[in-house]
Protein chains: 2
Amino acid sequence: MSKEIPYKIYLEEHEMPKQWYNVRADMKNKPAPLLNPGTKQPMTLEELEHVFCTELAKQELDDTTPYIDIPEEILNFYKMYRPSPLVRAYCLEKKLGTPAKIYYKFEGNNTSGSHKLNSAIAQAYYAKKQGLKGVTTETGAGQWGTALSMACSYFDLDCKVYMVKCSYEQKPFRREVMRTYGASVTPSPSMETEVGKKILLEHPGTTGSLGCAISEAVEAATTTEGYRYVLGSVLSQVLLHQTVIGLETKIAMDKYDIKPDIIIGCAGGGSNLGGLISPFVGEKLRGENDYQIIAVEPASCPSLTRGKYAYDFCDTGKVCPLAKMYTLGSGFIPSANHAGGLRYHGMSSVLSQLYDDGYMEARSVEQTAVFAAAEQFARVEGILPAPESSHAIKVAIDEALKCKETGEEKTILFGLTGTGYFDMYAYENFHNGTMSDYIPTDEDLKPGFDSLPKMD
Amino acid sequence: MSKEIPYKIYLEEHEMPKQWYNVRADMKNKPAPLLNPGTKQPMTLEELEHVFCTELAKQELDDTTPYIDIPEEILNFYKMYRPSPLVRAYCLEKKLGTPAKIYYKFEGNNTSGSHKLNSAIAQAYYAKKQGLKGVTTETGAGQWGTALSMACSYFDLDCKVYMVKCSYEQKPFRREVMRTYGASVTPSPSMETEVGKKILLEHPGTTGSLGCAISEAVEAATTTEGYRYVLGSVLSQVLLHQTVIGLETKIAMDKYDIKPDIIIGCAGGGSNLGGLISPFVGEKLRGENDYQIIAVEPASCPSLTRGKYAYDFCDTGKVCPLAKMYTLGSGFIPSANHAGGLRYHGMSSVLSQLYDDGYMEARSVEQTAVFAAAEQFARVEGILPAPESSHAIKVAIDEALKCKETGEEKTILFGLTGTGYFDMYAYENFHNGTMSDYIPTDEDLKPGFDSLPKMD
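Residues numbered from 1 in each chain as written. Chains lettered and ligands numbered in written order. Predicted model: local features only at pLDDT ≥ 70, side-chain atom pairs only at ≥ 80, totals over all residues. Heavy atoms only, no water.

Chemist: Can you tell me about the overall build of chain A, naming the residues and giving the values?
Modeler: Within chain A, the secondary structure is distributed over 18 helices and 15 strands. A compact globule built from 456 residues would reach a C-alpha radius of gyration of about 23 Å, and chain A, at 21 Å, matches this within 12%. Considering only C-alpha atoms, chain A reaches an extent of 60 × 50 × 50 Å along its principal axes. Here chain A holds 456 residues, and the buried ones make up 66% of them. (Helix = DSSP H or I, 4+ residues; strand = E, 2+ residues; numbered from the N terminus. Rg over C-alpha atoms; globule rule 2.2 N^0.38 Å. Buried < 20%, exposed > 50% of the residue type's maximum accessible area, 1.4 Å probe, protein only.)

This is how it looks when you write it as structure tokens:
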């Protein structure tokens with residue numbers, strides 16, 4: 001390597017990417033289109049823009065334009081917390097005694113605590129540009145809701161968040177961060193929507209679910225003048241915005257003549273993994289370079305490793321379009337796993353297609369091993385990682401230890417999507433030994449697969 | 001200005017300071033020495049090293065050496081989370097409509113969430129170098145305890161934290177962060193120390209106090225082989241380590257030909273303010289440059305603005321040396337203020353002397369106004385500030401609005417010491433309108449002043 005690698009590589013502002021990269025443009029097998037759940041026909045722009053902002057609906061449908069300009073206003077917001085550092089994990093390497101070189105792209109250095117802000121600001125921008133009054137969304141653990149409330153605050157846009165009631169009550173801190181940014185946060189199910197009222201009538205004691213919160217948010221967006229619904233993962237538009245992660249990483253690595261052999265990311269809906277790997281997968285698709293790419297998911301919610309590649313509902317309420325993806329079925333109820341952001345039954349259709357075509361592999365890991373890796377990482381690298389991100393840490397450590405055995409000096413890159421400051425109950429369970437692992441049996445998976453829509 | 005100022009100025013690693021700056025060397029009127037509370041004579045090195053690490057005791061006594069080398073091991077740790085960004089608050093300026101140029105040095109981008117790590121790593125290093133097994137300390141809100149546990153984890157040193165019992169119970173998250181870093185965290189008062197047992201016997205239901213936790217930590221350090229006591233603020237050694245903040249700021253500003261007119265920091269024990277202003281005050285002391293320097297404290301605990309400049313106990317337990325400082329008296333019980341880090345009855349003796357000599361001024365502000373400023377800042381600058389740091393934000397905004405009235409284009413620099421992720425209960429009180437202000441009457445201050453030691 002020609003230059004000494006610093007602990008942290010920060011790009012200069014002028015080196016930051018000015019365009020997002022749309023990996024679909026380079027895919028020979030395009031991701032299957034979203035379908036109208038009623039007609040089973042591909043969703044049109046007209047249908048999509050009833051729910052989503054028009055520009056975002058266009059991005060959702062665009063699978064041919066390779067580069068899309070990042071508007072000036074978004075670039076300026078990015079400058080407040082980006083470029084994010086690409087960190088050389090010198091201390092972790094030393095601790096592991098591995099000849100491998102480990103790098104991570106750290107997306108947690110902003111108040112939302114994760115990469116979610118990269119897409120939140122883009123979605124808020126397009127909503128504002130369209131002259132909308134506000135947006136609605138749902139949030140489970142609260143990471144996405146926090147990011148969106150920050151973005152809306154910046155553009156002076158109303159932000160209405162339906163927060164799963166049990167999270168609303170058990171995670172008051174995230175709720176208060178959202179309020180600090182001026183968002184209205186409603187525990188879901190609520191009496192504000194027809195679907196909420198119906199659910200409360202049928203199940204008076206319910207503490208809510210993500211599926212129900214989505215349904216309320218979509219209803220609120222489509223029945224209120226000047227509002228649209230926005231989503232923090234899964235959709236191709238979100239992956240597009242998140243490519244800023246991978247593009248920055250690639251520029252920083254190229255600057256120091258670093259080529260990763262292995263690229264690792266955690267995968268829930270797929271937004272961070274897709275964002276990180278896109279520029280690298282692009283090279284792979286075009287036959288310019290090869291990389292080993294590993295998606296890491298929780299063993300308790302194994303959509304890639306044990307799911308089916310099929311059309312499915314994106315939400316349990318079945319109000320959203322059908323997407324073809326690796327899925328456990330919208331009827332699958334994931335067990336209580338502390339990595340709330342990875343508890344999604346499906347997977348981005350872009351990543352699903354890449355996985356099906358063999359461009360990436362997938363591994364599932366159990367949560368106590370993930371928290372042990374998180375703690376080991378925190379103690380040497382200083383950063384307290386989010387449970388979601390720690391899935392990638394676990395596999396990065398595994399790979400580095402394999403190098404120790406074989407003596408290979410592989411270069412490992414992983415995405416560190418966020419910090420765990422609002423996940424200390426989970427760490428407490430880990431410290432107290434009250435955390436358990438859960439791997440669903442084939443029998444457990446059956447109800448989910450049975451819920452898949454018939455596609456004849 | 002010759003160059004375009006980016007949103008964030010990051011120094012390159014090679015530009016980071018390699019020495020701390022000891023402002024006492026340039027002070028004509030030196031801070032008064034620490035006194036032995038029994039003999040009222042200046043503390044000797046032999047007396048201090050019974051409690052503190054030897055090298056740190058030497059730094060405490062050294063008021064003549066202007067620059068002290070930062071050991072290589074500490075520099076390497078600094079590289080994991082430093083240089084910290086110097087941020088141009090473009091968005092805040094625009095929101096306020098001020099011609100002032102606002103900069104802040106942001107110290108919250110590390111897992112301890114504050115500047116405390118700068119001194120924690122230095123103190124842990126010297127303890128390790130001395131061959132000690134571990135260190136003890138107390139923590140109230142938990143910021144210092146978190147930083148110290150991270151530093152000890154890095155050097156594989158035992159870390160024993162006495163955490164005020166009410167915080168231990170009400171702030172479980174901070175406690176779990178410390179445990180993640182391997183610290184043992186004991187609610188204080190405990191049955192582990194003589195002083196703890198005595199207090200529990202006398203007050204069985206007590207939820208503890210900082211004074212009691214200090215007494216337990218000092219007892220544990222002085223009665224356990226291979227342990228010393230460490231402290232996160234007030235002491236001159238801590239100010240010395242924190243000068244890395246001001247030195248980085250100065251280097252970054254010089255690089256872009258920026259000269260601040262006003263420098264603002266919050267002041268509890270004084271470590272962050274002292275660290276930020278030291279290189280600037282040095283120029284002022286040497287007659288090279290002039291700066292307006294403002295210390296900001298809570299109106300509820302106004303040691304500089306309403307305290308006496310006198311010798312006092314550093315702790316309520318009266319086990320530590322006497323220090324000459326601006327103080328409300330160790331018997332002063334501050335009201336419940338959400339900026340726990342600013343609830344200290346005294347002030348660094350270095351800052352006290354500088355204030356007494358007219359090198360800096362002081363202002364007190366009320367907490368609801370502080371939280372309103374914090375929220376305004378968070379919404380435009382993205383960062384959710386700690387309540388302590390928000391005291392500086394409040395006065396920076398006040399000064400920027402004055403410039404708006406007068407049309408002056410002043411350059412304002414303030415220290416943003418940390419993030420408020422673990423202070424969301426306080427934000428919740430603010431949002432719910434249940435936060436109140438408290439300004440002690442002269443009558444309220446009397447018991448504190450009556451507790452000052454007789455110094456004849």
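Back to the text.
Chemist: So what about the pattern of salt bridges? Which residues, and what values?
Modeler: All names here are of chain B. A full pass over the atoms with the stated rule returns 49 salt bridges over all chains. With a shortest N-O distance of 3.1 Å, Glu375 and Arg379 are connected by a salt bridge. Of this pair, Glu375 and Arg379 are both found in helix 15 (residues 367-381), four residues apart, which corresponds to roughly one turn of the helix. Note that Lys402 is salt-bridged to Glu399, the shortest N-O span being 2.9 Å. Note that Lys402 and Glu399 are positioned in helix 16 (residues 387-406) at a spacing of three residues, about one turn of the helix. (Salt bridge = Lys/Arg side-chain N within 4 Å of Asp/Glu carboxyl O.)

Chemist: So, helix 6 (residues 143-154) of chain B: which residues are in play, and what are the values?
Modeler: Over its twelve residues, helix 6 of chain B runs 17 Å from end to end, which matches the ideal 16 Å to within 8%, given 1.5 Å per residue. Of all twelve residues that make up helix 6 of chain B, eleven are buried, and the element is covered over most of its length. Burial in helix 6 of chain B covers these residues: B:Gln143, B:Trp144, B:Gly145, B:Thr146, B:Ala147, B:Leu148, B:Ser149, B:Met150, B:Ala151, B:Cys152 and B:Ser153. Those residues of helix 6 of chain B hidden inside the fold are in contact with helix 15 (367-381) of chain A together with helix 5 (117-129), strand 6 (134-139), strand 7 (158-164) and helix 8 (172-180) of chain B. Among the residues trailing helix 6 of chain B, B:Asp156 stands out with phi positive, at a value near 55°. (Expected span 1.5 Å × (residues − 1). Contact = heavy atoms within 4.5 Å.)

Chemist: For the nonpolar core, give the residues involved together with the corresponding values.
Modeler: Of all hydrophobic cores here, the largest spans 241 residues; its most connected members are A:Trp20, A:Ile264, A:Phe414, B:Trp20, B:Ile264 and B:Phe414. Setting aside anything within four residues of it in sequence, one finds B:Ile264 in contact with B:Leu273, B:Leu276, B:Ile294, B:Val296, B:Ala392, B:Val395, B:Ala396, B:Glu399, B:Ile412, B:Leu413, B:Phe414 and B:Gly415. (Core = buried A, V, L, I, M, F, W, Y, C linked by side-chain atoms within 4.5 Å.)

Chemist: Mind laying out the relation of the copies chain A and chain B, listing which residues take part and the relevant values?
Modeler: The transform that puts chain A on chain B rotates by 180° and translates by 0.0 Å along the axis, for an RMSD of 0.0 Å. The operation mapping one copy onto its partner corresponds to a two-fold rotation axis. Among all C-alpha atoms of chain A, that of A:Asn109 lies closest to the rotation axis, at 3.1 Å. (Least-squares fit on C-alpha atoms with pLDDT ≥ 70 in both.)

Chemist: Lay out the interface of chain A and chain B in plain terms, naming residues and giving numbers.
Modeler: Each side of the interface is counted separately: chain A has 42 residues, and chain B has 42 residues. For the pair chain A and chain B, the summed buried area comes to about 4,000 Å², and 58% of that belongs to carbon and sulfur atoms. Of all residues in chain A, the largest losses of buried area upon contact with chain B belong to A:Phe173, A:Thr180 and A:Tyr421, amounting jointly to 18% of the total for that side. In this assembly, chain A and chain B are joined by two salt bridges. B:Glu428 is the partner of A:Arg175 in a salt bridge, and the nearest nitrogen-oxygen pair spans 2.8 Å. At the boundary of chain A and chain B, one finds 25 residue pairs in polar contact (both at pLDDT 80 or more). Those elements that place two or more of their residues in the side of chain A that touches chain B are helix 3 (72-81), helix 6 (143-155), helix 8 (172-180), helix 15 and helix 17 (424-432) of chain A. In terms of residue count, the dominant contributor to the side of chain A that touches chain B is helix 8 of chain A (six residues). Counted by class, the side of chain A that touches chain B contains 21 nonpolar, nine polar and twelve charged residues. (Buried area = accessible area lost by both parts, 1.4 Å probe. Polar contact = N/O pair within 3.5 Å; in protein donor to acceptor, adjacent residues only side chain to side chain. Nonpolar A, V, L, I, M, F, W, Y, C, P; charged D, E, K, R; others polar.)

Chemist: Could you give an account of helix 18 (residues 442-450) of chain A, with specific residues and numbers?
Modeler: Residue and element names in this part refer to chain A. Of all the residues in helix 18, the buried ones are Leu445, Gly448 and Phe449. With its buried residues spanning 95° around the axis, helix 18 presents them on a single face. Contacts from the buried residues of helix 18 go to helix 13 (303-306), strand 12 (308-313) and strand 13 (322-327). (Arc of directions from axis to C-beta.)

Chemist: Could you give me a rundown of the environment of A:Gln123, with the residues and numbers involved?
Modeler: Residue and element names in this part refer to chain A. Here Gln123 lies in helix 5 (residues 117-129). The class of Gln123 is buried, set by a relative accessible area of 1%. Each C-alpha atom, one on Gln123 and one on Ala151, is 8.4 Å from the other, the two residues being 28 residues apart in sequence. The contact partners of Gln123, leaving out residues within four places of it in the chain, are Cys53, Leu56, Trp144, Val230, Leu231, Gln237, Val238 and His241.

Chemist: Lay out unusual backbone geometry with the relevant residues and their values.
Modeler: Residue and element names in this part refer to chain B. Note the cis peptide between Arg82 and Pro83, where omega equals -10°. By the element assignment, Pro83 lies in the loop between helix 3 (72-81) and strand 4 (86-88). Note the cis peptide between Ser188 and Pro189, where omega equals 5°. As for its position among the elements, Pro189 is in the loop between strand 8 (184-188) and helix 9 (194-202). A positive phi angle, near 65°, is found at Val234, a position not held by glycine. Position of Val234 among the secondary structure elements: in the loop between strand 9 (227-229) and helix 11 (236-255).

Chemist: Any chance you could break down the packing of helix 5 of chain B against helix 11 of chain B for me, citing the residues and the numbers?
Modeler: All names here are of chain B. Where helix 5 meets helix 11, the closest approach of the two axes is 8 Å, and the angle between their N-to-C directions is 125°. Compared by their axis directions, helix 5 and helix 11 come out oblique. The hand of the helix 5/helix 11 crossing is right-handed. Of helix 11, the residues touching helix 5 (which contributes Asn118, Ser119, Ala122, Gln123 and Tyr126) are Gln237, Val238, His241, Gln242, Val244 and Ile245. Tallied by class, the residues present in the contact of helix 5 with helix 11 amount to five nonpolar, six polar and no charged. (Axes fitted to C-alpha atoms, helices over the stretch in contact; angles between N-to-C directions. Parallel < 35°, antiparallel > 145°, perpendicular 65-115°, else oblique. Left-handed = near helix turned anticlockwise from the far one by under 90°.)

Chemist: Provide a residue-level description of the environment of A:Ile263, including the pertinent values.
Modeler: Residues and elements named next belong to chain A. Here Ile263 lies in strand 10 (residues 262-266). The class for Ile263 is buried, based on a relative accessible area of 0%. In this structure, the C-alpha to C-alpha distance between Ile263 and Arg175, residues 88 residues apart in sequence, is 34 Å. Beyond its immediate chain neighbours, meaning those up to four positions away, Ile263 contacts Leu276, Ile277, Phe280, Tyr291, Gln292, Ile293, Ile294 and Leu413.

Interpretation in functional terms is not warranted from these geometric data alone.
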